[in-house]
Amino acid sequence: MIELIIGLLATTMATSTVLILASLGETIVERGGILNLGIEGIMLIGAFSGFIGAYFTKNLWIGLLMAIIGGILIAIIFGFLIIKLNLNQVISGLAINLLTYGLCLYFFRYIFSQGALPYLSELITPIPIPFLSQIPIIGPIFFNQTIFVYIAFISTPIVYYLLFKTSFGLRLRAIGEDPSIAYRLGIKVDKLRFIALILEGIFVGMAGGMLCISMFNVFDVRITGAKGFVAISIVILGRWNPIGAFGGALIFGFTEALSLWIGTLIVGPLSASMSQLLSILPYSVAIIALLIGGRRAKGPASLGSIFLKE
Amino acid sequence: MELNLKPLYRAVLAIALTFLATSILFIFTGANPFLAFYYIFHGAFGNELLIIETLVRTSPILLISLGLAISFKCKVWNIGAEGQLYIGAMLGTIAALFMGEFFLTLPIAIIFSILGGAAWASIPAFMKAKLGINEVITTFLMNYVAINLVQWLLAFPFKSPETLFPESSRIPYSAIFPIIINHTRFHLGILITFIIILPLIYFLMMKTTFGFKLKVVGENPEAAKYSGISVSTTIFMALVISGALAGMAGFFEVAGIQYRMRPTISPGYGYTGIVIALLGQNHPIGITLASIFIAAIINGASTMSRILNQPQGIVDFIQGMLIIMVLASEIILRYLEKREVIKT
């Protein structure tokens, strides 16, 4: 039993990490007043380019790099739409999602037009940390994980520091509260917002890449399964604070791992039925959590609004 | 009456720019864009049967986008039509299966599908109207709850004993829409959509105080509040009505085309509806034209991809591009106006 629970918690770390990375990225941009609903598309491109990179070079690290580059690219395109053209953020985000979905479907079929579905022969495997991974219970859960998990753990305090202790963070948050005042104070609104989006591209692209090159060895256009939107609800629950987002992501990661775990635990005729029904659990929990915790949530004042200089 | 041509300019500009962007994609993969668009057009309107098929495709997306237009008109971004469609279709099917052969099976099943979609939408509607929780996130997440729930219902409690696939049993004959044009799939539901629902929504949006409230709440919620309009009730109703129409669209597909509920009942119609509502600029007539246009693209693209051996994904790409171009066309038109190239 104890091994099963350790297994559950170790899986939780992996499922949470995707959400931690994505919600860190979204927290950064939302602090700068950008509501990026295109996060799902950024994650999908991360998964796609990560898979393509790893598949053709047989090098998972190049896959990771490609995932990050893909993420940055889509984040910049989104930035161009909402910062340079001042288009509606909500609708532009949805357009980005549809566009990336179409592009991934199109190019995946174009590249692998025939034959069996491609898969990666190996995945990024856990790197046990010497000594620490030997600690009973805690060791296998926290210190025998993939690079992604360690990055997520290290990034959380770094993003916190960046947002609340640096002048970059101060200026970004000022933009999020009122871009026109920030602009009059001489803050380069556009430039800072682009930097924030590039950071989001890195984090969310990596989260998408993790799905393909570390969790599943195949690509499918449905691979992200609304994880981007779950990450946005985590940002709200975490009150636009990286530490809060980290905690929220752990809860959702646990729910997801739990639904997978119960599915494998129950044997017999009920097993398939139960595991399929449990697949609604993470989404339902996200909605219930918003219902309870999203009530008094006050985000950055200018979140989602259009900023026109003049 | 002076005609306002601006919406038309916007739509035409957006479509032209989208075709340009799609052409680049075709060139990239070695297809002749002129040939590709020819086959898309041919696949949609090439002969009588193909035209009817395009209308068959138009019906569900018209229903959905009319509903979404009501919601978008008051700036409520319902992204959950896909889930509302699934719940409506499922509930309508369950009602039809329970009722069996009975002369009222069809209308009662339709009512259940409307209630199903409305009820599903009422959850995010309540959260938006009463608690101020962003409806984009909740409606989108509820799509996943709905689709996973329906998949489970079809795989277990309502799985047909006769087939190997997760799908419901065939609905009773009395729940099936009669075919209007022989040897085609043109069923009564399509007529209902065009002759009853479309005028009804037109009337609701353009001639009633509710339609006026939608507009005021969308354009200026503060002013709405001061003039005594209940903003939260309007928002709630807008989202629920859009859910009701999506649910109805779902069951129309069951009763008119599939005759059983399947987990693949919608190829993303809920998202397509968003594109159409934007392209048609929330006006019932604009939406009707946009629905036919998108239905033509969907039907034509499948013909085109078969003939030219082009991969799927074109339809989604075009839809995403259209959204961006509709938004961007506003800026381009403003620029052209300033230069006095056009007058709007």
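**Some details on the overall build of chain A**
Phase 1 of the analysis: Helix and strand counts for chain A come out as 13 helices and 2 strands.
Phase 2 of the analysis: Computed over the C-alpha atoms, the radius of gyration of chain A is 20 Å, within 12% of the 19 Å expected from 2.2 N^0.38 for a compact globule of 310 residues.
Phase 3 of the analysis: Counting only C-alpha atoms and orienting by the principal axes, one finds that chain A spans roughly 65 × 45 × 40 Å.
Phase 4 of the analysis: In chain A, which comprises 310 residues, the proportion classed as buried is 55%.
Phase 5 of the analysis: Looking at chain A as shown, the accessible area adds up to about 13000 Å², and 70% of this sits on carbon and sulfur atoms.

**Let's talk about the interface of chain B and chain A**
Phase 1 of the analysis: The interface is formed by 41 residues belonging to chain B together with 42 residues belonging to chain A.
Phase 2 of the analysis: Each partner contributes to the roughly 3800 Å² buried at the junction of chain B and chain A, and carbon and sulfur atoms together form 83% of this total.
Phase 3 of the analysis: Where chain B meets chain A, there are 0 salt bridges.
Phase 4 of the analysis: Where chain B packs against chain A, one counts 4 residue pairs in polar contact (both at pLDDT 80 or more).
Phase 5 of the analysis: At the level of elements, helix H1 (6-28), helix H5 (105-131), helix H6 (135-155), helix H11 (269-279) and helix H13 (314-338) of chain B are the ones that each hand at least two residues to the side of chain B that touches chain A.
Phase 6 of the analysis: Sort the elements by how many residues they give to the side of chain B that touches chain A and H6(B) lands first, with 13 residues.
Phase 7 of the analysis: Residues that form the side of chain B that touches chain A fall into these classes: 30 nonpolar, 10 polar and 1 charged.

**Quick word on the nonpolar core**
Phase 1 of the analysis: Of all hydrophobic cores here, the largest spans 204 residues; its most connected members are Ile213(A), Phe219(A) and Met261(B).
Phase 2 of the analysis: For this core, the element with the highest residue contribution is helix H10 (residues 231-258) of chain B, accounting for 15 residues.
Phase 3 of the analysis: Once you skip the residues sitting within four places of it in the chain, Ile213(A) turns out to touch Gly50(A), Ala54(A), Leu60(A), Gly63(A), Leu64(A), Leu120(A), Leu123(A), Ile124(A) and Phe148(A).
Phase 4 of the analysis: The next biggest cluster of nonpolar side chains, apart from the first, holds 5 residues, and it includes Ile52(B), Phe186(B), Ile190(B) and Ile257(B).

**Quick look at the packing of H11(B) against H13(B)**
Residues and elements named next belong to chain B.
Phase 1 of the analysis: Between H11 and H13, the shortest axis-to-axis distance is 10 Å and the interhelical angle comes to 30°. With respect to their mutual orientation, H11 and H13 come out roughly parallel. Crossing geometry of H11 relative to H13 is assigned as left-handed. Packed against H11, whose contacting residues are Thr272, Val275, Leu278 and Leu279, the element H13 presents Gln319, Leu322, Ile323 and Val326 at the interface.
Phase 2 of the analysis: Split into classes, the residues belonging to the contact of H11 with H13 amount to 6 nonpolar, 2 polar and no charged.

**Notes on helix H6 (residues 147-165) of chain A**
All names here are of chain A.
Phase 1 of the analysis: Between its first and last C-alpha, H6 extends 26 Å over 19 residues, near the 27 Å set by a 1.5 Å rise per residue.
Phase 2 of the analysis: A maximum bend of about 30° is found in H6 at Ser155, where proline Pro157 lies one to four positions downstream.
Phase 3 of the analysis: Along H6, the positions that sit buried rather than exposed are Phe148, Val149, Tyr150, Ala152, Ser155, Thr156, Val159 and Leu163.

**Description of the confidence of the model for chain B**
Residues and elements named next belong to chain B.
Phase 1 of the analysis: For chain B, the mean per-residue pLDDT works out to 94, and 99% of the residues sit at or above 70.
Phase 2 of the analysis: For chain B, the element scoring lowest by mean pLDDT is H13, at 91; helix H4 (residues 81-99) scores highest, at 98.
Phase 3 of the analysis: Across the whole predicted complex the pTM is 0.94, and at the interface the ipTM reaches 0.91.

**Quick word on the packing of helix H8 (residues 209-219) of chain B against H10(B)**
Two packed helices can be described by the angle between their axes and the distance between those axes.
Residue and element names in this part refer to chain B.
Phase 1 of the analysis: Across the interface, H8 lies against H10 with an axial gap of 10 Å and an inter-helix angle of 110°. Classified by the angle between their axes, H8 and H10 sit roughly perpendicular to one another. Contact residues: Phe210, Lys213, Leu214 and Val217 in H8; Val231, Thr234, Ile235, Met237, Ala238 and Ile241 in H10.
Phase 2 of the analysis: Residues that form the contact of H8 with H10 fall into these classes: 8 nonpolar, 1 polar and 1 charged.

**As for the side chain of Ser214(A)**
Residue and element names in this part refer to chain A.
Phase 1 of the analysis: Positionally, Ser214 belongs in helix H9 (residues 189-215).
Phase 2 of the analysis: On the basis of relative accessible area, Ser214 is assigned to the buried category, the value being 12%.
Phase 3 of the analysis: For Ser214, the residues in contact, after removing those within four places along its chain, are Leu123, Ile124, Thr146, Phe148 and Gly209.

**With respect to the packing of aromatic side chains**
Residue and element names in this part refer to chain A.
Phase 1 of the analysis: In this structure the tally under the stated criterion is 30 aromatic pairs over all chains.
Phase 2 of the analysis: Their ring planes at 70° and their centres at 6.4 Å tell us that Phe51 and Phe112 sit as a pair that is edge-to-face. Pair noted here: Phe51 is in helix H2 (residues 39-57) and Phe112 is in the loop between helix H4 (89-111) and strand E1 (127-128), with a separation of 61 residues, a long-range link.
Phase 3 of the analysis: Phe51 sits in the buried class, given a relative accessible area of 0%.
Phase 4 of the analysis: Joined through ring pairs, the aromatic side chains of Phe48, Phe51, Tyr55, Phe56, Phe108, Phe112 and Phe219 make up one cluster.
Phase 5 of the analysis: Taking NZ or CZ as reference, Lys58 lies 5.0 Å from the ring centre of Tyr55, over its face.

**So, the pattern of salt bridges**
Phase 1 of the analysis: Following the criterion strictly, the structure yields 11 salt bridges over all chains and no others.
Phase 2 of the analysis: Its salt-bridge partner being Lys227(A), residue Glu256(A) comes within 3.3 Å of it at the nearest N-O pair. With Glu256(A) in helix H11 (residues 242-265) and Lys227(A) in helix H10 (residues 227-237), this pair connects stretches of sequence that are 29 residues apart.
Phase 3 of the analysis: Classification of Glu256(A) by relative accessible area gives buried; the value is 16%.
Phase 4 of the analysis: For Lys128(B), the salt bridge identified is with Glu135(B), shortest N-O distance 3.2 Å.
Phase 5 of the analysis: Residue class for Lys128(B) comes out partly exposed when judged on its relative accessible area of 22%.
Phase 6 of the analysis: Several salt bridges share partner residues, and in doing so they unite Lys6(B), Arg10(B), Glu330(B) and Glu337(B) into one network.

Rules behind the numbers
Residues numbered from 1 in each chain as written. Chains lettered and ligands numbered in written order. Predicted model: local features only at pLDDT ≥ 70, side-chain atom pairs only at ≥ 80, totals over all residues. Heavy atoms only, no water. Helix = DSSP H or I, 4+ residues; strand = E, 2+ residues; numbered from the N terminus. Rg over C-alpha atoms; globule rule 2.2 N^0.38 Å. Buried < 20%, exposed > 50% of the residue type's maximum accessible area, 1.4 Å probe, protein only. Areas by Shrake-Rupley, 256 points an atom, 1.4 Å probe, with all protein chains shown as cover. Contact = heavy atoms within 4.5 Å. Buried area = accessible area lost by both parts, 1.4 Å probe. Salt bridge = Lys/Arg side-chain N within 4 Å of Asp/Glu carboxyl O. Polar contact = N/O pair within 3.5 Å; in protein donor to acceptor, adjacent residues only side chain to side chain. Nonpolar A, V, L, I, M, F, W, Y, C, P; charged D, E, K, R; others polar. Core = buried A, V, L, I, M, F, W, Y, C linked by side-chain atoms within 4.5 Å. Axes fitted to C-alpha atoms, helices over the stretch in contact; angles between N-to-C directions. Parallel < 35°, antiparallel > 145°, perpendicular 65-115°, else oblique. Left-handed = near helix turned anticlockwise from the far one by under 90°. Expected span 1.5 Å × (residues − 1). Bend = angle between axes of the 7 residues up to and from the residue. pLDDT = per-residue confidence, 0-100. Phe/Tyr/Trp six-rings, centres within 6.5 Å; stacked < 30°, edge-to-face > 60°. Lys NZ or Arg CZ within 6 Å of the ring centre and 35° of its normal.

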